[in-house]
Amino acid sequence: GENVEQHPSTLSVQEGDSAVIKCTYSDSASNYFPWYKQELGKGPQLIIDIRSNVGEKKDQRIAVTLNKTAKHFSLHITETQPEDSAVYFCAAEGFQKLVFGTGTRLLVSP
Amino acid sequence: GAVVSQHPSWVICKSGTSVKIECRSLDFQATTMFWYRQFPKQSLMLMATSNEGSKATYEQGVEKDKFLINHASLTLSTLTVTSAHPEDSSFYICSAPGTSGREGQFFGPGTRLTVL
C-alpha cells in the first residue's frame, strides 16, 4: 500500500520568512496530492492540492510542486504570518483513499 | 466548498458503554464517507470507508464489530464505538469526497471521545 513520509516534523520560522515542507510517496499509481492545515482541536482544512498531470500550482502565498519521477511533492509558504502556525499534513490519494504524512508543526514567530 | 458536520463535537463516556458519532454532508450528497482516527500529536489514520446502501469496508487491524458503521442515507453516516475502553479515546474525523470528482475530500470538524 501507499506510504507517505513527511519532513520536517517541526519547523520554526520568523514572520515574513518562507517555509518549505517536503513529502515523498511510494505508490506510483497515486494521482492526487492535497495539503491540509489542522489547528488544535479542529478537522483538517484543505489549503492547496495538485494532480499528477501538473508540476506546480500556486495560490497567493502558497505553492505546491510535484515531481512524479522522484515521487516527491513540496509545500511552499512565502511571507509567513503568525496565523500560519498550525500542523500541516500532506497526503497522497489513489482509488479515493487518502494516506497522510506524519505532519509538520509550523511555528511562525512575530 | 462543501460542508461536512459532525455531532457531537466532544463526548465523555464510561468504560463499557457505546457512543454514536454522526457525520453529515450538509449541502451535497455523499455515497461514500470515510472515518479516520487521530491520536494526540499523530497523523490521521483511515479506519473505514462507509458506503451508502452497502456494508462498510474496514482497514486492516480495525475491528468491524467494535466500530459499527451505518450509512443510512446519502447525507448521513454514523460510527458507533461499542463497549468503549480508555484506549479508544481519540479524535474521530469523517470526510466525504466532493461531487465533481476533482475537489478532493471535505473533512468534518472532528469528535473528541474520552472514555473514563
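No experiment lies behind these values; they were computed from the predicted model shown.

Rules used in this analysis
- Residues numbered from 1 in each chain as written.
- Chains lettered and ligands numbered in written order.
- Predicted model: local features only at pLDDT ≥ 70, side-chain atom pairs only at ≥ 80, totals over all residues.
- Heavy atoms only, no water.
- Helix = DSSP H or I, 4+ residues; strand = E, 2+ residues; numbered from the N terminus.
- Rg over C-alpha atoms; globule rule 2.2 N^0.38 Å.
- Buried < 20%, exposed > 50% of the residue type's maximum accessible area, 1.4 Å probe, protein only.
- Contact = heavy atoms within 4.5 Å.
- Areas by Shrake-Rupley, 256 points an atom, 1.4 Å probe, with all protein chains shown as cover.
- Lys, Arg positive; Asp, Glu negative; His and termini not counted.
- Charge placed at Lys NZ, Arg CZ, Asp CG, Glu CD.
- Polar contact = N/O pair within 3.5 Å; in protein donor to acceptor, adjacent residues only side chain to side chain.

Asker: Looking at this model, I keep getting lost on the overall build of chain B. Mind explaining?
Answerer: For chain B, the helix and strand inventory stands at 0 helices and 11 strands. Moving toward the C terminus, one meets the helices and strands of chain B in the order β-β-β-β-β-β-β-β-β-β-β. Here the C-alpha radius of gyration of chain B, 13 Å, is about what a compact globule of 116 residues would show, namely 13 Å. Projected onto the principal axes, the alpha-carbon positions of chain B cover approximately 40 × 30 × 25 Å. Across the 116 residues in chain B, those meeting the buried criterion constitute 51%. Contacts in chain B between residues far apart in sequence, at least 24 positions, make up 54% of those at least 6 positions apart. A total accessible area of about 5700 Å² is found for chain B, and carbon and sulfur atoms account for 52% of it. For chain B, the distance from the average site of its 10 positive side-chain charges to the average site of its 9 negative ones is 4 Å.

Asker: Hey, could you run me through unusual backbone geometry in this one?
Answerer: Trans is the prevailing form of peptide bonds, just as negative phi is the prevailing case for residues other than glycine. Note that the residue after His-7 of chain A, namely Pro-8 of chain A, is joined by a cis bond; omega there is -5°. You can see Pro-8 of chain A is positioned in the loop between strand 1 (4–7) and strand 2 (10–14). The step from His-7 of chain B to Pro-8 of chain B runs through a cis peptide bond, and the omega angle for that step is 0°. Considering the arrangement of structural elements, one finds Pro-8 of chain B in the loop between strand 1 (4–7) and strand 2 (10–13).

Asker: Please explain the side chain of Ser-77 of chain B as it appears in this structure.
Answerer: All names here are of chain B. Tracing the chain through its elements places Ser-77 in strand 8 (residues 76–81). Ser-77 sits in the buried class, given a relative accessible area of 0%. Only 2.9 Å separates the side chain of Ser-77 from the side chain of Ser-50, close enough to count as a polar contact. Excluding residues within four positions of it along the chain, Ser-77 makes contact with Ile-21, Glu-22, Cys-23, Met-33, Trp-35, Ser-50, Ile-69, Asn-70 and His-71.

Asker: Before we go on, may I ask you to explain the environment of Glu-79 of chain A in this structure?
Answerer: Residues and elements named next belong to chain A. Here Glu-79 is to be found in the loop between strand 8 (72–77) and strand 9 (86–94). Measuring from C-alpha to C-alpha, the distance between Glu-79 and Arg-61 comes to 6.9 Å, with 18 residues separating the pair along the chain. Not counting residues up to four positions away in its chain, the partners in contact with Glu-79 are Gly-16, Asp-17, Ser-18, Arg-61 and Asp-84.

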